[in-house]
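Spelled out from the first residue to the last, the chains are:
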Protein chains: 2
Amino acid sequence: MEPWQLTAAEAAAKLQEGTLTAEALTRSCLERCAEREPITKAFSFLDTELAISNARRVDKAYTKGVLHGLPLGVKDMIDTADMPTSHNSPIYEGLRQGRDAACVGVARGEGAVVFGKTDTVEFAAGGRRALTRNPHDPTRTPGGSSSGSGAAVADGMVPIAFGTQTGGSLIRPASFNGIYALKPTHGVVNSEGAKRYSHTLDTIGWYGRSVADLKLVAQAFRLFDLDKPLGKTVRQLRIGLCRGPNWAQAAEESQAATLLAGKRLAAAGAMVEEVELPAPFLDINEAHRVILLGEGRGAFLPEYLTHHALLHEDFRERVENSTGITAKAQVAAHDLSAECRKLFDALFPGFDAVLTPAAAGEAPVGRQDTGNPVFNSMWTLLHVPCLAIPCTKGPNGMPVGVQIIGPRYGDAALLEVAALAAPVVDAGA
Amino acid sequence: MEPWQLTAAEAAAKLQEGTLTAEALTRSCLERCAEREPITKAFSFLDTELAISNARRVDKAYTKGVLHGLPLGVKDMIDTADMPTSHNSPIYEGLRQGRDAACVGVARGEGAVVFGKTDTVEFAAGGRRALTRNPHDPTRTPGGSSSGSGAAVADGMVPIAFGTQTGGSLIRPASFNGIYALKPTHGVVNSEGAKRYSHTLDTIGWYGRSVADLKLVAQAFRLFDLDKPLGKTVRQLRIGLCRGPNWAQAAEESQAATLLAGKRLAAAGAMVEEVELPAPFLDINEAHRVILLGEGRGAFLPEYLTHHALLHEDFRERVENSTGITAKAQVAAHDLSAECRKLFDALFPGFDAVLTPAAAGEAPVGRQDTGNPVFNSMWTLLHVPCLAIPCTKGPNGMPVGVQIIGPRYGDAALLEVAALAAPVVDAGA
């Protein structure tokens with residue numbers, strides 16, 4: 001077994017005990033990249049020498065952080081002090097920032113090897129697509145906007161990577177690529193140094209190939225109550241299976257995956273019960289749209305003014321408020337969101353987690369359509385932690401995942417539920 | 001009259017008609033700085049040649065933006081592509097970022113002359129104080145954390161400047177320095193590129209020496225409904241005078257200023273009526289504290305891990321959660337805030353604005369105590385627009401202001417109310 005094949009948690013154990021070095025793991029990941037990158041195109045910036053030099057610095061460190069020696073992919077709209085941050089925008093091609101984004105600083109401070117920048121949908125928002133292909137089938141999208149991060153982790157090029165979610169940019173690619181992802185509670189992980197699209201929605205998250213991988217990164221960020229054990233077995237879990245207001249938009253394979261995950265959990269002894277969301281949730285998609293477009297007005301205004309010709313019309317339309325979002329509509333959307341957050345949290349502790357589709361179906365063919373975020377947007381707006389778990393395959397043999405969701409600030413408990421549920425839900429695990 | 005003596009709006013008129021150049025105004029401001037800066041110490045970075053070069057670039061522009069030719073001070077925790085951003089932190093001394101913060105990009109895109117970086121409380125949050133002195137009395141603080149921006153505008157060194165408010169860092173210094181300030185609705189002005197303290201609270205705002213100055217900057221940011229006239233005279237205004245839950249913490253001069261502003265407005269024919277906030281507001285200060293400290297955990301984690309010895313203990317305590325903020329307390333604080341936001345907005349359109357103290361009293365003596373933010377924190381948390389208006393003098397001859405407040409996204413109407421109220425409220429106007 002090559003080091004690149006290890007999950008982050010497996011590699012971390014060897015790195016901590018000293019039987020694997022950051023450099024050896026990094027070199028193995030680079031070899032994997034040499035083989036796969038011509039097809040997958042996950043990286044927008046990858047400098048072999050720099051990655052090795054970052055690994056050597058980690059190998060020389062006095063202490064070992066929780067991410068010691070783990071190569072990390074960074075979505076290319078998150079600043080890095082030692083690599084360009086191009087946002088997949090012609091405006092920022094080769095842009096050098098002076099300091100790391102907060103999340104990169106934390107990862108580096110905990111010993112991660114900043115490995116390379118992963119390709120993204122322009123500004124993680126619209127416009128240009130990443131060049132990245134799905135490692136399971138290069139004729140298909142890996143999803144977006146965290147295209148490169150999802151594909152790089154799925155393809156063994158890095159064990160962990162940062163992505164972001166404003167609509168469904170983190171969890172959907174996890175499903176398309178057959179990997180794990182955590183979108184933590186909004187506001188818990190400092191998003192400073194990542195391109196802003198919507199203040200209310202933008203959330204930093206990460207990919208791994210196991211729940212334990214996701215937990216390692218959560219430890220780096222000191223998510224609340226990580227040291228408080230759930231103290232349950234899978235037989236004691238209470239799972240709310242939630243079709244939600246968008247169920248009809250799910251392809252058969254996504255509906256089937258969700259029901260299958262429920263059946264597998266029930267077969268393992270968990271209590272699985274269907275849960276219906278109350279009436280205000282009928283308007284939650286619209287609230288997401290209003291807030292996204294409303295806040296998008298200000299997000300791209302600097303580029304609109306200073307680099308008009310280089311700004312894709314997607315972003316010009318945001319600035320010009322082409323959809324006519326009003327102040328009144330924004331207030332109503334915020335108030336509805338606040339109401340739904342309370343209503344959703346009230347499902348806990350009656351349930352330990354809510355189970356729902358992670359994406360609308362298999363990864364679409366082509367590079368332009370990165371998939372429908374409708375199974376993610378409302379959860380992003382609710383600010384709740386979402387964790388993607390691979391589950392099954394669709395009619396074209398592509399991965400199809402599910403997600404489990406906890407109450408706000410319930411990230412630690414959700415990771416524990418996932419650790420119990422994943423071996424049951426993930427047929428490949 | 002020297003050009004530096006012009007308000008932004010007065011200067012803008014001359015700049016637009018071509019009777020004043022950006023370079024002439026910038027040189028005049030630099031002369032004012034040469035005279036006053038040794039006493040006031042408003043700037044942490046000021047390069048005469050660079051300011052003039054920025055002005056000349058503006059003078060050569062093909063088109064004139066709404067801020068054409070106006071020298072702009074930028075709080076030194078907001079990124080600038082051409083000047084260092086030091087955050088008043090030994091960690092980031094001389095830090096060079098590759099691109100402007102969003103707000104600076106917008107200002108530059110609208111023709112502002114980026115003039116210099118203004119001194120700030122460390123990370124706009126705690127630790128080291130600015131060196132800045134109050135222009136009205138150099139033995140006193142200009143307030144914080146937007147110390148340099150407030151003092152620079154008050155002292156005629158720049159007509160406009162950016163500040164930020166997380167507790168009371170924008171409106172309080174406006175009161176202490178006898179100038180105008182607008183803290184817009186949270187989330188409307190993109191805060192990307194400014195140091196993060198609290199995601200829920202951090203808000204970019206600006207200073208000027210008249211309401212018209214504030215409106216110019218608001219135009220640059222395309223705040224909602226700026227083109228929709230209020231269509232009222234001062235006699236038609238309905239003002240809610242709100243002592244609020246913290247009235248007892250106001251010094252006599254701040255209580256007197258608020259009541260005096262109310263009397264002046266009533267004397268001018270406005271309807272002024274005392275308004276009481278409902279019961280949930282009794283816990284709003286505590287909600288602000290919980291959210292601030294809870295989000296502060298993640299805000300300084302990168303520096304805690306990578307530059308521990310250079311990080312002030314104020315920030316180490318945040319990271320270590322020394323006050324023991326829990327996940328549960330954070331959820332409750334968010335839910336209470338959402339409830340209070342709705343309750344406050346419900347006061348409108350019964351009132352056109354709420355009038356309340358802008359600070360707890362005159363500017364304190366010394367450099368360490370930058371004043372009590374208690375008359376600002378709750379409004380920051382409510383996400384509502386706040387506009388500071390100078391009103392009177394305290395027992396030591398120092399300025400004492402008031403603020404008027406509108407509902408969320410009501411920034412444009414609030415500016416119109418201010419334009420009517422300021423000539424009545426501001427004895428010096």
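Residues numbered from 1 in each chain as written. Chains lettered and ligands numbered in written order. Predicted model: local features only at pLDDT ≥ 70, side-chain atom pairs only at ≥ 80, totals over all residues. Heavy atoms only, no water.

## Some thoughts on the pairing of strand β4 (residues 160-165) of chain B
Residue and element names in this part refer to chain B.
- The buried count for β4 comes to six of six residues, which makes it a mostly enclosed element.
- Here β4 shows no split at all, with Ile-160, Phe-162 and Thr-164 on one side and Ala-161, Gly-163 and Gln-165 on the other all buried.
- Alignment of β4 against strand β6 (residues 203-208), held across five bridges, turns out to be antiparallel. Looking across to β6, one finds that Ala-161 is bridged to Tyr-207. (Buried < 20%, exposed > 50% of the residue type's maximum accessible area, 1.4 Å probe, protein only. Helix = DSSP H or I, 4+ residues; strand = E, 2+ residues; numbered from the N terminus. Pairing = 2+ DSSP bridges.)

## Remarks on the domain arrangement of chain A
All names here are of chain A.
- Its domain assignment divides chain A into domain 1 (1-276 + 339-429) and domain 2 (282-333).
- Across the boundary between the two partners, domain 1 contributes 26 residues, which contact 18 residues of domain 2.
- At the boundary of domain 1 with domain 2, total buried surface from both sides reaches about 1900 Å², with 67% on carbon and sulfur atoms.
- When the buried area of domain 1 at its contact with domain 2 is split by residue, Ile-91, Tyr-197 and Leu-381 rank highest and sum to 33% of it.
- Taken together, domain 1 and domain 2 are joined by one salt bridge.
- Glu-303 is the salt-bridge partner of Lys-195, the closest N and O atoms lying 2.9 Å from each other.
- The interface formed by domain 1 and domain 2 includes 10 residue pairs in polar contact (both at pLDDT 80 or more). (Domains from an automatic or database assignment. Contact = heavy atoms within 4.5 Å. Buried area = accessible area lost by both parts, 1.4 Å probe. Salt bridge = Lys/Arg side-chain N within 4 Å of Asp/Glu carboxyl O. Polar contact = N/O pair within 3.5 Å; in protein donor to acceptor, adjacent residues only side chain to side chain.)

## Observations regarding the packing of aromatic side chains
All names here are of chain A.
- Applying the stated rule across the entire model yields 22 aromatic pairs over all chains.
- Ring centres of Tyr-92 and Phe-123 lie 6.0 Å apart, and the angle between their planes is 75°; on these two criteria the pair is classed as edge-to-face. In this pair, Tyr-92 sits in the loop between β2 (71-75) and α4 (102-109) while Phe-123 sits in the loop between β3 (113-118) and α5 (147-154), placing the two residues 31 residues apart along the sequence.
- A relative accessible area of 10% places Tyr-92 in the buried class. (Phe/Tyr/Trp six-rings, centres within 6.5 Å; stacked < 30°, edge-to-face > 60°.)

## Topic: the environment of Arg-238 of chain A
All names here are of chain A.
- Topologically, Arg-238 is positioned in strand β7 (residues 238-241).
- Spatially, the C-alpha atoms of Arg-238 and Asp-155 are 33 Å apart, while their sequence positions differ by 83 residues.
- The contact partners of Arg-238, leaving out residues within four places of it in the chain, are Lys-232, Met-271, Pro-349, Gly-350, Phe-351, Asp-352 and Ala-353.
- Only 3.1 Å separates the side chain of Arg-238 from the backbone oxygen of Pro-349, close enough to count as a polar contact.

## Quick word on the sheet that holds strand β10 (residues 386-393) of chain B
Residues and elements named next belong to chain B.
- Here 11 strands make up an open sheet; going across it, the order is β1-β3-β2-β4-β6-β5-β10-β11-β9-β7-β8 and the pairing mixed. Each end of this open sheet is capped by a strand with a single partner; those strands are β1 (43-45) and β8 (271-274). Geometrically, the sheet is characterised by an average inter-axis angle of 35° between neighbouring strands, direction not taken into account.
- Two strands pair when backbone bridges link them, and strand β5 (residues 180-183) and β6 are joined in this way by three bridges, in the antiparallel orientation. Paired with Leu-182 across the two strands is Trp-206, which belongs to β6.
- Helix α3 (residues 48-59) rests against β1 and β3 (113-118) of the sheet, and its axis sits at about 155° to β3.
- The strands touched by helix α7 (residues 211-220) are β4, β5, β6 and β10; relative to β6, the strand with the most contacts, the crossing angle is about 140°. (Axes fitted to C-alpha atoms, helices over the stretch in contact; angles between N-to-C directions.)

## Let's talk about the interface of chain A and chain B
- Across the boundary between the two partners, chain A contributes 50 residues, which contact 49 residues of chain B.
- Between chain A and chain B, the buried area comes to about 4200 Å², and carbon and sulfur atoms account for 55% of it.
- Considering only the surface of chain A that becomes buried against chain B, Arg-99, Phe-224 and Tyr-409 of chain A emerge as the three largest contributors, covering 16% of it.
- Taken together, the connections running from chain A to chain B amount to six salt bridges.
- Here Glu-303 of chain B ties to Arg-99 of chain A by a salt bridge, and the two come within 3.9 Å at their closest N and O atoms.
- Counting every contact that joins chain A to chain B gives 23 residue pairs in polar contact (both at pLDDT 80 or more).
- The element contributing the most residues to the side of chain A that touches chain B is helix α12 (residues 327-345) of chain A, with eight residues.

## So, the side chain of Arg-32 of chain B
All names here are of chain B.
- Along the polypeptide, Arg-32 turns up in helix α2 (residues 22-40).
- There is a polar contact of 2.6 Å between the side chain of Arg-32 and the backbone oxygen of Asp-155.
- Setting aside anything within four residues of it in sequence, one finds Arg-32 in contact with Trp-4, Glu-37, Asp-155, Gly-156 and Met-157.

## Some thoughts on the relation of the copies chain A and chain B
- Between the two copies, chain A and chain B, the superposition gives an RMSD of 0.0 Å; the rotation angle is 180° and the shift along the axis is 0.0 Å. Interpreted geometrically, this transformation is the action of a two-fold axis. The C-alpha atom lying nearest the rotation axis in chain A is that of Gln-97 of chain A; the distance is 2.4 Å.
- Both copies present the same face, since 98% of the interface residues in chain A are matched by interface residues at the equivalent positions in chain B. (Least-squares fit on C-alpha atoms with pLDDT ≥ 70 in both.)

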